Protein chains: 2
Amino acid sequence: MEGALPLVKLIEQFAKLPGVGRKTAQRFAFYILDLPEEKARDFAGAILDARTKIKKCPVCGNLTDGELCPICAAKGREKGLICVVEDPRDVLAFERTKEYNGVYHVLHGLISPMDGVGPEQINVKGLLERVNKDGAEEVIMATNPTVEGEATAMYIARLLKPLGVKVTRLAYGIPVGGNLEYADEVTLYRALAGRSEL
Amino acid sequence: MEGALPLVKLIEQFAKLPGVGRKTAQRFAFYILDLPEEKARDFAGAILDARTKIKKCPVCGNLTDGELCPICAAKGREKGLICVVEDPRDVLAFERTKEYNGVYHVLHGLISPMDGVGPEQINVKGLLERVNKDGAEEVIMATNPTVEGEATAMYIARLLKPLGVKVTRLAYGIPVGGNLEYADEVTLYRALAGRSEL
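Residues numbered from 1 in each chain as written. Chains lettered and ligands numbered in written order. Predicted model: local features only at pLDDT ≥ 70, side-chain atom pairs only at ≥ 80, totals over all residues. Heavy atoms only, no water.

J.: Run through the pairing of strand E3 (residues 78–85) of chain B, naming residues and quoting values.
T.: A regular strand places its side chains on the two faces of the sheet in alternate fashion. Residue and element names in this part refer to chain B. Across the eight residues of E3, six count as buried, placing the element largely inside the fold. Summarising the sheet, E3 and strand E4 (residues 102–106) pair through five bridges and their orientation is parallel. Bridge assignment links valine 84 to a residue of E4, and that residue is histidine 105. Taken together, E3, helix H5 (residues 88–97) and E4 form a β-α-β motif whose crossover is right-handed. Relative to strand E5 (residues 138–141), E3 runs parallel, the two being bridged by four bridges. In the strand pairing of E5, leucine 81 is matched with glutamate 138. (Buried < 20%, exposed > 50% of the residue type's maximum accessible area, 1.4 Å probe, protein only. Helix = DSSP H or I, 4+ residues; strand = E, 2+ residues; numbered from the N terminus. Pairing = 2+ DSSP bridges. Right-handed = clockwise from strand over helix to strand, strands pointing away.)

J.: Pulling in residues and values, what's your account of a nonpolar patch on the surface?
T.: Residue and element names in this part refer to chain A. Judged by side-chain polarity, Ile174, Leu180 and Leu188 come together as a nonpolar surface patch covering roughly 250 Å² of accessible area. When you line up the elements, isoleucine 174 lands in the loop between strand E6 (166–169) and helix H8 (185–193). The class of isoleucine 174 is partly exposed, set by a relative accessible area of 31%. (Patch = residues over 30% accessible without salt bridge, like charges linked within 9 Å, V, L, I, M, F, W, Y side chains within 5 Å. Areas by Shrake-Rupley, 256 points an atom, 1.4 Å probe, with all protein chains shown as cover. Salt bridge = Lys/Arg side-chain N within 4 Å of Asp/Glu carboxyl O.)

J.: Tell me about the interface of chain B and chain A, residues and numbers included.
T.: Listed by partner, the interface residues are 52 residues for chain B and 52 residues for chain A. Roughly 5,200 Å² is buried in total at the junction of chain B and chain A, and carbon and sulfur atoms are behind 71% of that figure. Counting across the chain B and chain A interface gives zero salt bridges. Linking chain B with chain A are four residue pairs in polar contact (both at pLDDT 80 or more). Secondary structure elements with two or more residues in the side of chain B that touches chain A: helix H1 (5–15), helix H2 (22–34), helix H3 (37–53), strand E2 (63–64), helix H4 (70–73) and H5 of chain B. Counting residues per element, the side of chain B that touches chain A draws most heavily on H3(B), which supplies 14 residues. Looking at the side of chain B that touches chain A residue by residue, the class counts come to 30 nonpolar, six polar and 16 charged. (Contact = heavy atoms within 4.5 Å. Buried area = accessible area lost by both parts, 1.4 Å probe. Polar contact = N/O pair within 3.5 Å; in protein donor to acceptor, adjacent residues only side chain to side chain. Nonpolar A, V, L, I, M, F, W, Y, C, P; charged D, E, K, R; others polar.)

J.: How would you summarise the relation of the copies chain B and chain A if you had to cite specific residues and measurements?
T.: The operation relating chain B to chain A is a screw motion whose rotation component is 180 degrees, with 0.0 Å of axial translation and a residual RMSD of 0.1 Å. Taken together, these values place the two copies in the relation of a two-fold axis. Among all residues of chain B, the one whose C-alpha sits closest to the rotation axis is B:Ala44, at a distance of 2.1 Å. Most of the interface of chain B is mirrored in chain A: 100% of its interface residues are interface residues there too. (Least-squares fit on C-alpha atoms with pLDDT ≥ 70 in both.)

J.: Which residues make up the pattern of salt bridges, and what are the values?
T.: All names here are of chain B. In the structure shown here, the tally under the stated rule is 12 salt bridges over all chains. In this structure, arginine 77 and glutamate 95 form a salt bridge, with 2.9 Å as the shortest nitrogen-oxygen distance. In this pair, arginine 77 sits in the loop between H4 and E3 while glutamate 95 sits in helix H5, placing the two residues 18 residues apart along the sequence. Of the two residues, arginine 77 and glutamate 95, neither departs from the other in class, the shared state being buried.

Here's what the structure looks like:
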């Protein structure tokens, strides 16, 4: 391919994005070429801004461009209810429900001895300090239902219980809109075990 | 969603890319956040560079960051063989075959009276001047096999023939790896009509 060098370089950059192959990268690059220069400048600026201005909230570890993250800084949130998640993406997912009014604690990882990640490598200490210092009524363990997610939730729950805080876990069950026929047996078993009265 | 503002803005930018929805845009944005600052700077720079440095080759209309496009500037290409395409993307597609050694002419559009695009809006005049001035042995019409592509090819062919140049059209037929069972009747008819001796 003998394209113009800046174009080739841009295609290479786009091709590094997760799940983007050569053809899609090329489509993206041509989209950029078709933009008014002003808009292309905005795009490039957004990348730089996000990368340079965003850091971790010192309280919860969520991403922020200010002193505290928007959720820790918000007045109306219940500070006594802490939802523990693996990743800032999970915060966005919960926020989309528009139903949760507590705060978060972002671990930035899960305990995974296989990958050499122990409790020291993730943001567990911050959570304990926070519960110790500010107090909390309930901590919801909302890590993913994987082996590492479960192990991390169990580990943290064991550390939190002596502090006298209620520790809960997200419900397992059939996803809404899901099909019983296609549900795996573990999910189905959990859905049975967690059944509630109508 | 109460994400940090620079992150929200970056997600919005990625979501504008063709075929990218909110979730994918979010994945892309988090990829950027995970990059070393240097690499994020390269990415932003590639967007700006591509948009500001790339312009049309004055000879063939292909994209270039130099005086002439790399193909027009190349010594070894047959200047007497001109492949006429709709879009710079098509040039990249032909170059990937590594079999074509002629030059190109990029129309930047197709004649489409429905959309108010006449022969004046696309790069036809440049092609005629080029053939007139520099001479050419053969012009391959390589527009897409759509109504507009066909009409544009026919129109240009009619203008070129009086100049004494050979005008050809890409072959139609079954795509390699394709299945006869699933080929549409027009393609099958064209494959039959264009059959060659073994």
